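One letter stands for each residue in the lines below.
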Amino acid sequence: MKKHRIFLGMTLVECLVLGLLFFYSHTVLETNEKKLIPAKQKMVKYLELTDLSIWTEARYTRHPSQADLFTPFQDFPSAFEHFPAGSILAPGRPADSTTTLQIRR
Amino acid sequence: MRHLKILEYALSSLLRRKYKNLSLVAVYAFTVSILASILFLTHALKREAVAVFSDAPDLIVQKVSAGRHDLIPTGYLDSIRTIAGVGDVHPRYWGYYFDAMTQSNFTFLGINENLAGLELVQGRMPAEKGECTIGQGVAQAQFTGVGDQLVLIDSRRRSISFRIVGIFDAASNLLSNDLVLMTQRGLREFFDFPSGRATDIVVEVYNPDEISTVAAKIKKMLPDTRPIAKAELFRTYDSVFNWRSGMMLTLFSAALVAFSILAWDKAAGISGDEKGEIGILKAVGWDIADILELKFWEGIVISLTALLVGLTVAFVHVFLFNAPLLTPVLKGWSVLFPTFRLTPYIDLYQVFVIALLTVTPYVACTVIPSWKAAVTDPEMVMRG
């Protein structure tokens, strides 16, 4: 009757480790939301930034929110999209039918 | 007590084939960790974008010419100001620069000379024409620091030297890695902007509910423009990192397929040894229910261990080691790619989804073939 005790003990330890990691994430989240996120929000507000600086390989991957959905294909008539990040970015979600702005764009 | 005894027997049974089962747990945990890493990473990036862009411009107006983004006449500012509900309207000057020396793209942004300092900047903001503040990525690519010179080639092929007066803190890398800030005057001269033109126009709208109405009015008044509302910015990042994104579709589905093969292999049939074991257990008086419970415990032991280990590995991988296995996939051809420490946003719903997607099918795949063997006559089962 030893093995099941070891198994249950190990499972409990694993749950505890995971719980501690989640608790750590909660603590970091609280600290960041108090300090780091407001500092970043201030930066976005002052510098009027619109996009995350993740993909710097092409204009439409550097500023996906500022580009048209068809920008990757604008290089020349019937151009293909060829940047790897283009396959990571999802196609934009269909616009809400109630938004006149989307229809007009 | 009876359940514990069956669990004890299940563990003994698993330990009899310990190398096979250990390798099964390792592969299973690896699959779970890949699935969980992708979910953790995309969710954290999405939440980060939503959190930091809450103060982004309400409306950005671009000029579109022949289907392409073009420089916008600053004369449009006055037309936009006449719209009711519009607050501050001002031009934004920014552009891209390809640095041939480092083969990387920088984003140049022109700011007002009197802009106050930011917490996330070591040093200060550029206050005159020959000064700049740069992101960590630019500093590392150019091997420069505060007080050094940044030499760039302007649009007239002249070599222009900027004094670096500040560097963005690494904590802001997700926003500033490739940024080069300079004064608006400096940027206009560098790119040789035609007078009376800007990159785009920032519009403040007093009432957030009126943003789309104002955008529609701008579009009607200035048909060659494209207004981009803040809501669209959020929608972009929501779709970039949602389940339809390439990242989720390629990596996530590959891991899911790998897991399905694993489960299918298990469901496709149990080995002769296992069938023999079931036959013996029935012959010595075990009920079908007992055998099913035994197999259920075997499935739970394997899948629960793999799930907990996989989730722990995924958390450590994404939030403590900054996802080194996923960043090469994200990076693509970007020369400047930010090293970022993500805020660990965890969505418990996603954790439950992973648990449901992995534990339930595996346990089912363990129990169902055993049930088939258990309902057969013990002699037939033992004969194979």
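None of these values were measured; they are calculated from a predicted model.

Undergrad: What is the right way to read the domain arrangement of chain A from this model?
TA: How big an interface is tends to be stated in terms of the accessible area lost upon association of its parts. Domain boundaries in chain A define domain 1 (3–47) and domain 2 (50–94). The straight-line distance from the C-alpha centre of domain 1 of chain A to that of domain 2 of chain A is 33 Å.

Undergrad: How should the packing of helix 2 (residues 18–52) of chain B against helix 11 (residues 288–320) of chain B be read in this particular structure?
TA: Each pair of packed helices gets described by two things: the angle between the helix axes and the distance between those axes. Residue and element names in this part refer to chain B. Relative to each other, helix 2 and helix 11 sit at 40 degrees, their axes nearing to 7 Å. Taken as axis vectors, helix 2 and helix 11 run oblique relative to one another. In the crossing of helix 2 with helix 11, the sense of the turn from one axis to the other is right-handed.

Undergrad: Got a minute to help me understand the interface of chain A and chain B in this structure?
TA: The partner chain B presents 99 residues to the 68 residues of chain A that form the contact. A combined buried area of about 7600 Å² lies between chain A and chain B, and 65% of that area is made up of carbon and sulfur atoms. Connecting chain A to chain B are three salt bridges. Where Lys42 of chain A meets Glu119 of chain B, a salt bridge forms, and the shortest distance between an N and an O atom there is 3.5 Å. Remark: the boundary between chain A and chain B carries 23 residue pairs in polar contact (both at pLDDT 80 or more). Taken together, the elements giving at least two residues each to the side of chain A that touches chain B come down to helix 1 (3–34), helix 2 (36–47), helix 3 (59–62), helix 4 (84–88) and helix 5 (100–104) of chain A. Among the elements that line the side of chain A that touches chain B, the one with the most residues is helix 1 of chain A, at 17 residues.

Undergrad: I would appreciate a short explanation of the nonpolar core in the present structure.
TA: Where a protein is soluble and globular, its nonpolar side chains tend to be buried together. Counting residues in hydrophobic clusters, the biggest one holds 86 residues, and the most contacted among them are Leu47, Leu49 and Trp55 of chain A together with Phe40, Leu41, Phe53 and Leu342 of chain B. Setting aside chain neighbours within four positions, we find Phe53 of chain B in contact with Val44, Leu49, Thr50, Asp51 and Leu52 of chain A together with Leu175, Lys230, Leu233, Phe234 and Tyr237 of chain B.

Undergrad: What's the story with the side chain of Glu298 of chain B in this structure? I'm lost.
TA: Residues and elements named next belong to chain B. Looking at the secondary structure, you find Glu298 in helix 11. For Glu298, a relative accessible area of 4% puts it in the buried group. Dropping the residues within four chain positions of it, Glu298 is found in contact with Ala10, Ser13 and Leu14.

Undergrad: Would you explain the confidence of the model for chain A in this entry?
TA: Predicted coordinates in areas of low pLDDT are best not read in detail. All names here are of chain A. Here chain A shows a mean pLDDT of 79. Residues at 70 or above account for 83%. The least confident element of chain A, judged by mean pLDDT, is helix 5 at 48; the most confident is helix 2 at 92. Contacts for the low-pLDDT stretch residues 97–101, under 50 throughout, to residues beyond four places or in other chains number nine contacts.

Undergrad: Would you mind showing me how to read the pairing of strand 8 (residues 149–153) of chain B here?
TA: Each regular strand shows side chains that alternate between the opposite faces of the sheet. Residue and element names in this part refer to chain B. Of the two faces of strand 8, only the one carrying Leu150 and Leu152 is buried; Gln149, Val151 and Ile153 on the other face are not. For strand 8 and strand 9 (residues 159–168), the ladder comprises five bridges, and the chain directions are antiparallel. Paired with Leu150 across the bridge in strand 9 is Phe162.

Undergrad: For this particular structure, what's the right way to read helix 1 of chain A?
TA: Here helix 1 of chain A is 32 residues long and its end C-alpha atoms lie 46 Å apart, about the 46 Å a rise of 1.5 Å per residue gives. Taken residue by residue, helix 1 of chain A has His4, Phe7, Thr11, Glu14, Leu18, Leu21, Phe22, Ser25, Leu29 and Asn32 of chain A as its buried positions. In this structure, the buried side of helix 1 of chain A is in contact with helix 2 of chain A together with helix 1 (2–16), helix 11 and helix 13 (348–374) of chain B.

What counts and what doesn't
- Residues numbered from 1 in each chain as written.
- Chains lettered and ligands numbered in written order.
- Predicted model: local features only at pLDDT ≥ 70, side-chain atom pairs only at ≥ 80, totals over all residues.
- Heavy atoms only, no water.
- Domains from an automatic or database assignment.
- Axes fitted to C-alpha atoms, helices over the stretch in contact; angles between N-to-C directions.
- Helix = DSSP H or I, 4+ residues; strand = E, 2+ residues; numbered from the N terminus.
- Parallel < 35°, antiparallel > 145°, perpendicular 65-115°, else oblique.
- Left-handed = near helix turned anticlockwise from the far one by under 90°.
- Contact = heavy atoms within 4.5 Å.
- Buried area = accessible area lost by both parts, 1.4 Å probe.
- Salt bridge = Lys/Arg side-chain N within 4 Å of Asp/Glu carboxyl O.
- Polar contact = N/O pair within 3.5 Å; in protein donor to acceptor, adjacent residues only side chain to side chain.
- Core = buried A, V, L, I, M, F, W, Y, C linked by side-chain atoms within 4.5 Å.
- Buried < 20%, exposed > 50% of the residue type's maximum accessible area, 1.4 Å probe, protein only.
- pLDDT = per-residue confidence, 0-100.
- Pairing = 2+ DSSP bridges.
- Expected span 1.5 Å × (residues − 1).

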